Amino acid sequence: MGEDSDMTEKPLPATIIPMRELSTQSSPGTPPLPQDDYRPQLARTLSAPPYTIFTHRTKMFIVASVSISSLISPFGATTFYPALNDLARDLHVTPTLINLGLTTYMIAQGIAPAFIAGMSDNNGRRFSFIVCFVIFTIANIGLALQTNYAALLVLRMVQAFGCSAAIALCTAVVADIATSAERGKYMGYATAGLLIGPAFGPTIGGILDQYLGWRATFWFLAIFGGVLLVMFTALFPETCRNVVGNGSIPARGVNLSILGNIQQRRHARETQSEEGLDQASIQLSVKRRKMGFPNPLRTLKILGEKESCIVLLYNGCFFTGMIGFATPIIPVLYEEIYGLNTLDIGLCYITMGMGSLTSALTTGHIVDWNFRRHAKRLGMTITKGKQQDLRNFPIERVRLEVVVPGHIVGTLALLAFGWTLKFKTALAGPEVALYFVGFGVSTAFNITNTLILDLHRDRPATATSAVNLVRCLMTAVGAAVILPMCRAMNPGWAFTLVALVYVALLPVVFLIMAKGQRWRTELADKKDRAQIAKEAAAFVVDAEASSRHGRHPSHKEEKVPSP
């Protein structure tokens, strides 16, 4: 939790400081300078660097880009929903087996980000985006050409791996460029594509299937993936803080883009004109990471933390109501009850997307307002562009107070959706319910995602992949069981059972608000003690090795861990 320091001071100008203050930046074999050596050297002392150097316009471009890119996940899952019956007839299988393809897709989509997230936290967001877009494009070309059910299942899993960039990296990019005080707004914009995609994907798929056939849906996705690949390769700047810091560290190789290069040059000119410094002089301590193989076990480690695990299970369970329960049954039940064709069925998803879009554009501002309200109550100063110290701040209460109304709205809407289908009301009945399903579920999903990022600011992509793992596995189960439930009971009682589960989930929200801050403090103290013990053990080993070789510890080995 040491990163959450309160950066409210203004940066000091370039000045002349003693060389002894720069001794920690010397090479490993260089002896420390004497304490009275005051040879003047140019350096830059920063007491409070900005959280990011990206301008507001650049941040909005970045957020808009990841929001558009996040469409590939719901588009990949839902564009062929209206064509389920046509696809089953052409491949000579049952609709239940085609729905099994959705289940395998969600399972693969849940596992893949565990690999992509670790790679992006170490090697950068751009590289991960590019790799995933290439895989996504190739998989869709294969799906458009395949002719049997086995190929459909395999290629759908490959397609899901390509979609994982949108899931693992979308919210991680927001954590790279936005402080906790403004994160709610940017999270709403960034996840808008992920949430409205399930509405417009089936609409696009319905139009394509109606006039061009189901293969056209996969050709559309292949073209969309190719456009994203070109756009991100040329324009998207690197944002990963482990690679470019707050954006002031020059990107290299695959991490360098046209827009990123322009931003770097602008920042260098401003730095030189305002402070008379060469840009390289403020990067003496930068250590570039080598390309590393992703470690998916880091995702599972987050699930082992008490507070994070509870938030993740809540997030996944509630999101399943929209994507795992409501979305998959629309093609089957709407055709049976209302006699709609594929195009009409696709259009019926728009209302849910409008609810999700309304949530994305409004609740983020409410979350940021609630942050400012609590900060004022506690006497915390919020400085624009500076990250706040959250160690003693009730961030759980700040976020989840806005979740409660969304939870209630989403639960009641799912209940209404089931019973309007049961009584075969006018089509407007389930459509109005779907709007509020989209609004309520998206509100809870967005805000709990933001909370997970607040808890894991040092590894946002890994935290997001944990969200995705739980969400996709639960959604896969939901998509597999909801249609048999509706057949065995009826839609009304099936969604009543779902609503009762969500009523039981509501106390979990209040539990996190009541005990989350204490759990977070206990975990931070535990990590601090483990780090101190690790440093102390390393110091003892170095001291013993030095004594065996009859030499004094180097200046690096003289660093004793502070209690």
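Here's what I pulled together on the structure shown here. Worth saying up front: this structure is predicted, and the values here are computed from it rather than measured.

## Notes on the nonpolar core
Core analysis: the biggest nonpolar cluster contains 127 residues, and Ile98, Tyr334 and Phe417 have the highest contact counts within it. Residues in contact with tyrosine 334, not counting those within four places in the same chain, are Ile329, Gly339, Leu340, Ile345, Cys348, Phe417, Leu421, Leu427, Pro430, Glu431 and Leu434.

## With respect to the pattern of salt bridges
Going through the model one piece at a time under the given rule, you end up with 11 salt bridges. Between glutamate 401 and arginine 373 there is a salt bridge, with its nearest N and O atoms 3.1 Å apart. Separated by 28 residues along the polypeptide, glutamate 401 in helix α16 (residues 395-422) and arginine 373 in helix α15 (residues 350-378) bring together distant segments of the chain. In this structure, glutamate 396 engages arginine 520 in a salt bridge whose closest nitrogen and oxygen atoms are separated by 2.8 Å. Of this pair, glutamate 396 sits in helix α16 while arginine 520 sits in helix α19 (residues 491-548), and the two are 124 residues apart along the sequence. Like glutamate 396, the residue arginine 520 is buried in the burial classification. Each member of the salt-bridge network shares a partner with another, and the members are Arg183, Arg399 and Asp454.

## Structural notes on a nonpolar patch on the surface
A cluster of nonpolar side chains, contributed by Ile107, Ile111, Phe115 and Leu473, occupies part of the molecular surface with about 300 Å² of accessible area. Within the secondary structure, phenylalanine 115 sits in helix α4 (residues 95-123).

## Some words on the packing of helix α8 (residues 192-212) against helix α9 (residues 215-234)
Packing of α8 against α9 brings their axes to within 7 Å, and their N-to-C directions diverge by 130 degrees. Comparing their axes, α9 and α8 come out oblique. Crossing of α8 against α9: the hand is right-handed. Where α8 abuts α9, its residues Ile204, Gly205, Leu208 and Leu212 lie against Ala216, Thr217 and Phe220. In the contact of α8 with α9, the residues fall into five nonpolar, two polar and no charged.

Conventions and cut-offs
Residues numbered from 1 in each chain as written. Predicted model: local features only at pLDDT ≥ 70, side-chain atom pairs only at ≥ 80, totals over all residues. Heavy atoms only, no water. Core = buried A, V, L, I, M, F, W, Y, C linked by side-chain atoms within 4.5 Å. Buried < 20%, exposed > 50% of the residue type's maximum accessible area, 1.4 Å probe, protein only. Contact = heavy atoms within 4.5 Å. Salt bridge = Lys/Arg side-chain N within 4 Å of Asp/Glu carboxyl O. Helix = DSSP H or I, 4+ residues; strand = E, 2+ residues; numbered from the N terminus. Patch = residues over 30% accessible without salt bridge, like charges linked within 9 Å, V, L, I, M, F, W, Y side chains within 5 Å. Areas by Shrake-Rupley, 256 points an atom, 1.4 Å probe, with all protein chains shown as cover. Axes fitted to C-alpha atoms, helices over the stretch in contact; angles between N-to-C directions. Parallel < 35°, antiparallel > 145°, perpendicular 65-115°, else oblique. Left-handed = near helix turned anticlockwise from the far one by under 90°. Nonpolar A, V, L, I, M, F, W, Y, C, P; charged D, E, K, R; others polar.

That is the geometry; function is a separate question.
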